[in-house]
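# Per-entry structural report
Each chain, letter by letter, is given below.
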Amino acid sequence: MTPPVQPRERLRVAIQKSGRLGEPARELLASCGLTWRESRDKLFLYGESLPVDILLVRDDDIPGLIADGVCDLGIVGRNVLVEHGLEREAQGRPADLNEWRQLGWGTCRLDIAIPESEEWTGPQQLEGLRIATSYPQTLGRWLRDNGVDAEPVVLNGSVEIAPRLGQADVVCDLVSTGGTLRANQLRPVTTILHSEAVIAGPRATLDDGRQEIADLLVRRLDGALQLKESRLLMLRVSRDGLTDLLPLLPEGHEPTVMRVDDRDEVSVQVLVHGSVSWSKLEQLKHAGAHNLMVLPVEGMLA
């Protein structure tokens, strides 16, 4: 039986201690204004600017820590979160975690990969084969959905080498660039899950005032994610030329138009999603804009 969770007034977030999601997660949280005091073992970060503490753990442990109430939120790969939920369902327990936000980085795919020398004809080609994977529940769901009777061979590492060692016929593994598969004479043929870094949290509302802190943190995260690729475009244009210029502005928020005192022109500001190319600036200048500037955005709260 899981011991009762002690009341807490501080939010606790689990992130990967090391690996491809660890450092980006820390940078994202820091961009929300969080500062910490690090424990001597470097496994716990005590929040100083907000009552938000960070626990540094293995990524595979993050969903379980949230489910058990040890942590409130976690930044983890969707692949890990989905596997955890399916494993709980297989054990007759509810899948009690949700994907609160997708973060847009750490992208990869969970792919079926076969030997390069073989042709791919579809899922039924896997009938009766052994499939090496670290994600047996996710693979099992896909096999059932496609009516394929195959044998998952569970491996915790070096999945791609399993066919060469005679442990499996094909593999189901995470793929980002595909270089590891090519090195082992394998090629991906179908994707069973698209993954990226996500914020995972409980389905139920948090207690002890932690929900308010969590809502504040998520709002800041939303702002930081939007800010990451945002630029402020500023320019001036004659009032007569404004109508023709507005359709040429890059995609972004509703532009702000302000009259310039004692001049027959207006100042235009627009928050743009993504970079602004030189060709776009030249197009705007050709349409009558001048004093064009593209500025980084240091902070934003919707």
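Since the structure is predicted, the reported quantities are computational estimates derived from the model, not experimental observations. (Residues numbered from 1 in each chain as written. Predicted model: local features only at pLDDT ≥ 70, side-chain atom pairs only at ≥ 80, totals over all residues. Heavy atoms only, no water.)

Okay, the UniProt feature "domain: ATP phosphoribosyltransferase catalytic" (unreviewed entry) in the protein chain next. Per the UniProt record, the feature "domain: ATP phosphoribosyltransferase catalytic" (unreviewed entry) sits at residues 58-221. Secondary structure content for residues 58-221 is 30% helix and 30% strand, and the end C-alpha separation is 22 Å. (UniProt positions renumbered as here; feature names shortened; annotations may be inferred. Helix = DSSP H or I, 4+ residues; strand = E, 2+ residues; numbered from the N terminus.)

This part takes up the domain arrangement of the protein chain. Domain assignment breaks the protein chain into domain 1 (11-105 + 197-227), domain 2 (108-195) and domain 3 (230-296). The interface is formed by 9 residues belonging to domain 1 together with 10 residues belonging to domain 2. Where domain 1 abuts domain 2, roughly 890 Å² becomes buried across the two surfaces, and 55% of that area is made up of carbon and sulfur atoms. When the buried surface of domain 1 facing domain 2 is broken down by residue, Asn79, Glu83 and Leu86 rank first, second and third, together holding 57% of it. In this structure, the connection of domain 1 to domain 2 is made through 0 salt bridges. For the pair domain 1 and domain 2, the number of links is 6 residue pairs in polar contact (both at pLDDT 80 or more). Among the elements that line the side of domain 1 that touches domain 2, the one with the most residues is helix H3 (residues 78-90), at 7 residues. Of the residues contributing to the side of domain 1 that touches domain 2, the split by class is 3 nonpolar, 2 polar and 4 charged. (Domains from an automatic or database assignment. Contact = heavy atoms within 4.5 Å. Buried area = accessible area lost by both parts, 1.4 Å probe. Salt bridge = Lys/Arg side-chain N within 4 Å of Asp/Glu carboxyl O. Polar contact = N/O pair within 3.5 Å; in protein donor to acceptor, adjacent residues only side chain to side chain. Nonpolar A, V, L, I, M, F, W, Y, C, P; charged D, E, K, R; others polar.)

Let's shift gears to the nonpolar core. The biggest cluster of nonpolar side chains holds 28 residues, and the ones touching the most others in it are Leu11, Val52 and Leu217. The set of elements that each furnish at least two residues to this core consists of strand S1 (11-16), helix H1 (22-31), strand S4 (52-57), strand S5 (73-77), strand S12 (197-202) and helix H7 (210-228). Per-element tally for this core: the top contributor is H7, with 6 residues. The residues touching Leu217, leaving out its near neighbours within four places in the chain, are Leu11, Val13, Leu29, Leu34, Val52 and Leu73. (Core = buried A, V, L, I, M, F, W, Y, C linked by side-chain atoms within 4.5 Å. Buried < 20%, exposed > 50% of the residue type's maximum accessible area, 1.4 Å probe, protein only.)

On to the packing of H3 against helix H4 (residues 136-145), then. Packed helices, taken two at a time, are described by their axes: the angle between them and the distance between them. Where H3 contacts H4, the two axes come as close as 8 Å, and the packing angle between them is 75°. Put simply, H3 runs roughly perpendicular to H4. From H3, Val82, Glu83, Leu86, Glu87 and Ala90 reach across to H4, where they touch Pro136, Gln137, Thr138 and Arg141. Its residues placed into classes, the contact of H3 with H4 shows 4 nonpolar, 2 polar and 3 charged. (Axes fitted to C-alpha atoms, helices over the stretch in contact; angles between N-to-C directions. Parallel < 35°, antiparallel > 145°, perpendicular 65-115°, else oblique.)

Let's shift gears to the sheet that holds strand S8 (residues 130-133). The strands that make up a sheet pair up through hydrogen bonds in the backbone, lying either parallel or antiparallel. The strand order across the open sheet formed by 5 strands is S9-S8-S10-S7-S11, and the pairing between neighbours is mixed. On the outer flanks of this sheet lie strand S9 (151-154) and strand S11 (186-195), each paired with one strand and no other. Taken pair by pair, the neighbouring strands of this sheet meet at an average axis angle of 30°, ignoring direction. In this sheet, strand S10 (residues 170-175) lies alongside S8 in parallel orientation, the contact comprising 3 bridges. Within the sheet, the bridge partner assigned to Ile131 lies in S10 and is Val170. This element, H3, spans S10 and S11 of the sheet and lies at about 75° to S11. On top of the sheet, H4 reaches strand S7 (108-115), S8, S9, S10 and S11; it is set at about 95° to S11, its chief contact. (Pairing = 2+ DSSP bridges.)

Moving on to the UniProt feature "domain: Histidine biosynthesis HisG C-terminal" (unreviewed entry) in the protein chain. According to UniProt, the feature "domain: Histidine biosynthesis HisG C-terminal" (unreviewed entry) maps to residues 229-298 in the numbering used here. Between the end C-alpha atoms of residues 229-298 the distance is 11 Å, and the span holds 19% helix and 41% strand.

Taken as a whole and judged by the stated rule, the model has 0 disulfides. We note that Cys71 lacks a disulfide partner, and the nearest cysteine sulfur, in Cys32, lies 17 Å from it. What makes Cys71 buried here is its relative accessible area of 2%. Unpaired in this structure, Cys172 has its nearest cysteine sulfur neighbour in Cys108, at a distance of 11 Å. (Disulfide = S-S within 2.5 Å.)

A few words on the side chain of Thr133. Summarising the element assignment, Thr133 is placed in strand S8. A polar side-chain atom of Thr133 sits 3.0 Å from the main-chain amide nitrogen of Tyr135. Filtering out sequence-adjacent residues up to four positions away, Thr133 remains in contact with Leu139, Pro152, Val153, Val154, Leu155, Val159 and Cys172.

It is worth spelling out the pairing of S7 at this point. Within S7, 7 of the 8 residues are buried, leaving the element largely enclosed by the surrounding structure. Judged from the 8 bridges that link them, S7 and S11 form a sheet pairing that is antiparallel. In the sheet register, Arg109 faces S11, and the bridge partner there is His194. Direction of pairing for S7 relative to S10: antiparallel, over a ladder of 5 bridges. Paired with Ala113 across the strands is Val171, a residue of S10.

With that settled, the discussion passes to the pairing of S1. A regular strand places its side chains on the two faces of the sheet in alternate fashion. By the criterion of burial, S1 is predominantly enclosed, with 5 of the 6 residues buried. Relative to S4, S1 is paired through 6 bridges, and the arrangement is parallel. If you follow Ile15 over to S4, its bridge partner there is Leu56. Of the pairings in the sheet, the one linking S1 to S5 comprises 2 bridges and is parallel in character. Following the sheet pairing, Val13 is matched in S5 by Leu73.

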